[in-house]
Amino acid sequence: MKKISNVINCFLLFSFPILLLTVNINTDTIDSNINAKALSTNLVSKVQEKQEMIKEDSTLERESDENHQKQSETVEEIKEDEILEKSFSVLKREETKEDKQEESITPKTDVLSTYQGTMSFYNANCVGCSGITSTGVDISDGRLYYQDKTYGNIRIVAAGTEIKKWSVIRIKNSSLGVNTLAIVLDRGGSIGLGKKFLIDMLTNSMENKGGIEKNITIEVIREGK
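Scoring rules and cut-offs
- Residues numbered from 1 in each chain as written.
- Predicted model: local features only at pLDDT ≥ 70, side-chain atom pairs only at ≥ 80, totals over all residues.
- Heavy atoms only, no water.
- Salt bridge = Lys/Arg side-chain N within 4 Å of Asp/Glu carboxyl O.
- Helix = DSSP H or I, 4+ residues; strand = E, 2+ residues; numbered from the N terminus.
- Buried < 20%, exposed > 50% of the residue type's maximum accessible area, 1.4 Å probe, protein only.
- Pairing = 2+ DSSP bridges.
- Patch = residues over 30% accessible without salt bridge, like charges linked within 9 Å, V, L, I, M, F, W, Y side chains within 5 Å.
- Areas by Shrake-Rupley, 256 points an atom, 1.4 Å probe, with all protein chains shown as cover.
- Lys, Arg positive; Asp, Glu negative; His and termini not counted.
- Charge placed at Lys NZ, Arg CZ, Asp CG, Glu CD.
- Phe/Tyr/Trp six-rings, centres within 6.5 Å; stacked < 30°, edge-to-face > 60°.
- Lys NZ or Arg CZ within 6 Å of the ring centre and 35° of its normal.
- Contact = heavy atoms within 4.5 Å.
- Disulfide = S-S within 2.5 Å.

## Focus on the pattern of salt bridges
Here is step 1: The final tally for this structure, using the stated rule, is four salt bridges.
Here is step 2: In this structure, R222 and D148 form a salt bridge, with 3.1 Å as the shortest nitrogen-oxygen distance. With a gap of 74 residues between them, R222 in strand 7 (residues 212-222) and D148 in strand 2 (residues 145-148) connect regions that are remote in the sequence. The two residues R222 and D148 agree in class, both being buried.

## Concerning the pairing of strand 3 (residues 152-159)
Here is step 1: Of all eight residues making up strand 3, seven are buried, and the element is well covered by its neighbours.
Here is step 2: Where strand 2 lies against strand 3, four bridges are found, and the strand directions are antiparallel. Looking at the pairing, Y145 lines up with R155 of strand 3.
Here is step 3: Here four bridges tie strand 3 to strand 5 (residues 177-186), and the two strands are oriented parallel to one another. Within the sheet, the bridge partner assigned to V157 lies in strand 5 and is V184.

## Structural notes on a negative patch on the surface
Here is step 1: Side chains of E52, E56, D57, E61, E63, D65 and E66 sit close together on the surface and give a patch of like negative charge.
Here is step 2: Assignment of secondary structure puts E66 in helix 1 (residues 2-105).

## Concerning the packing of aromatic side chains
Here is step 1: Per the counting criterion, the structure on display carries one aromatic pair.
Here is step 2: With centroids separated by 5.7 Å and ring planes inclined at 65°, the aromatic side chains of Y146 and W166 adopt a geometry described as edge-to-face. Remark: W166 occurs in the loop between strand 3 and strand 4 (168-174) and Y146 occurs in strand 2; sequence separation between them is 20 residues.
Here is step 3: Accessibility expressed as a relative area gives 21% for Y146, which makes it partly exposed.
Here is step 4: With a relative accessible area of 18%, W166 lands in the buried category.
Here is step 5: Cation over ring: R155 sits above Y145, and NZ or CZ is 5.2 Å from the ring centre.
Here is step 6: Here the basic side chain of K225 rests over the ring of W166, its NZ or CZ set 4.2 Å away from the ring centre.

## Points about the side chain of T118
Here is step 1: With respect to the helices, strands and loops of the structure, T118 is situated in strand 1 (residues 113-122).
Here is step 2: With residues near it in sequence (within four places) discarded, T118 still touches K196, F197, L198, I199, I212, E213, K214 and I216.

## A look at the state of the cysteines
Here, disulfide denotes a covalent bond that connects the sulfur atoms of two cysteines.
Here is step 1: A complete count under the given rule lists one disulfide for this structure.
Here is step 2: What pairs with C126 in a disulfide is C129, and their sulfur atoms sit 1.6 Å apart.
Here is step 3: A residue is classified by how much of its surface remains accessible, and C126, at 23% relative accessible area, is partly exposed.
Here is step 4: Judged by relative accessible area, which is 32%, C129 ranks as partly exposed.

Quick look at the structure:
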C-alpha cells in the first residue's frame, strides 16, 4: 500500500510541470492567434484604406483630365470664334472696299436727252462705206464693239449731228436687249433727227443686216468724250 502511494506521488510530481507547460503553450498559441488575427485585421484595414486612396486619386485624376479637356475645348471654341470674327471682319472690309471701287468706277447714267424713232443696221462694206468711221476707227476687221474707258465694251452706231460724236447712248425696246449701250462713232446721210432713221447700228451678216426696228428709245447718257 505504501508503495502504491509513493508511485502516485511520483507520477503527480513529474506530471504537474508537464501540465503547466502544456497550459502555457496553449495560452501562447491562443495569444499568437489573437495577435495574428489582429494583425490580419489591421493589414486588411490598411489595404482597404490604400485602395480607397488610390480610388480617390484615380477619381481626382479623371476629373482633372475632364476639366483639362473641357478647358481645351473652350479654348478651341474661343479660337474658332476669333478666327470666324476676323474672317468676317476681313470679308466685310473687302466688300466695303469693292463697293467703294464699284462706286468709283461705275459711270453716271443720268439721262441728258431722249429721242424716239427707227433704228437701221449697216456694215463696213455697205455702199459708200470705207471701212473707217467718221471718227477714224477701223471697222473693216468686222468689229462691232468699241472699248470705252468708262463704259467698257459697247456697240458702235452712227447718229445725226444732234448727238455729238463719241457720245454714249442707251438703246431701249430693241431686239438686242432691254438696255443696250452704244457709242456714236459714225455719221450717215439718212441718219438723224427728222430723217428716215434715228440711228444706224453697225452689224454683220449674222445679224439684222438691212433690217429696221421701229419705236425704239434713245437716251444720251454722255455727250462726246
